[in-house]
Amino acid sequence: MAKKTVATLQKGEGRAYAKVIKMVKSPKTGAYVFEEEMVLNDKVKDYLAK
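Residues numbered from 1 in each chain as written. Predicted model: local features only at pLDDT ≥ 70, side-chain atom pairs only at ≥ 80, totals over all residues. Heavy atoms only, no water.

This brings us to the confidence of the model for the protein. Overall, the predicted model of the protein reaches an average pLDDT of 81, with 72% of residues at or above 70. The weakest mean pLDDT in the protein belongs to helix α1 (residues 2–9) at 57; the strongest belongs to strand β2 (residues 32–40) at 92. (pLDDT = per-residue confidence, 0-100. Helix = DSSP H or I, 4+ residues; strand = E, 2+ residues; numbered from the N terminus.)

Next up, the structure:
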């Protein structure tokens, strides 16, 4: 199933997006949590800066 998703993103509009994985510290437990999001290529630096 992952191959189908990747193949779909490689055609047309999918090339304008990047999957960004950000490590964030949880305020409750202090443990680190990974947040995944699909972001436009132009907005990757802005997403990681916040």
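Take the packing of aromatic side chains next. This structure, assessed with the given rule, holds zero aromatic pairs. Positioned above the aromatic ring of Y47, the side-chain terminus of K22 is 5.3 Å from the ring centre. (Phe/Tyr/Trp six-rings, centres within 6.5 Å; stacked < 30°, edge-to-face > 60°. Lys NZ or Arg CZ within 6 Å of the ring centre and 35° of its normal.)

As paired strands, strand β1 (residues 17–25) and β2 are joined by nine bridges and run antiparallel to one another. If you follow I21 over to β2, its bridge partner there is E36. In this antiparallel pair of consecutive strands, β1 and β2, the connection spans six residues, and G30 shows a positive phi of 85°. (Pairing = 2+ DSSP bridges.)

With that settled, consider a nonpolar patch on the surface. Together, I21, M23, Y32 and F34 line one region of the surface with nonpolar side chains, adding up to about 480 Å² of accessible area. Residue assignment for the nonpolar patch shows that the elements contributing at least two residues are β1 and β2. Locating M23 in the fold gives a position in strand β1. (Patch = residues over 30% accessible without salt bridge, like charges linked within 9 Å, V, L, I, M, F, W, Y side chains within 5 Å. Areas by Shrake-Rupley, 256 points an atom, 1.4 Å probe, with all protein chains shown as cover. Salt bridge = Lys/Arg side-chain N within 4 Å of Asp/Glu carboxyl O.)

This next bit is on the pattern of salt bridges. A complete count under the given rule lists one salt bridge for this structure. Here K19 makes a salt bridge to E36, at a shortest N to O gap of 3.2 Å. Residue K19 is located in strand β1, and its partner E36 is located in strand β2; the two are separated by 17 residues in the primary sequence. In this structure K19 comes out as exposed when scored by relative accessible area, which is 54%. (Buried < 20%, exposed > 50% of the residue type's maximum accessible area, 1.4 Å probe, protein only.)

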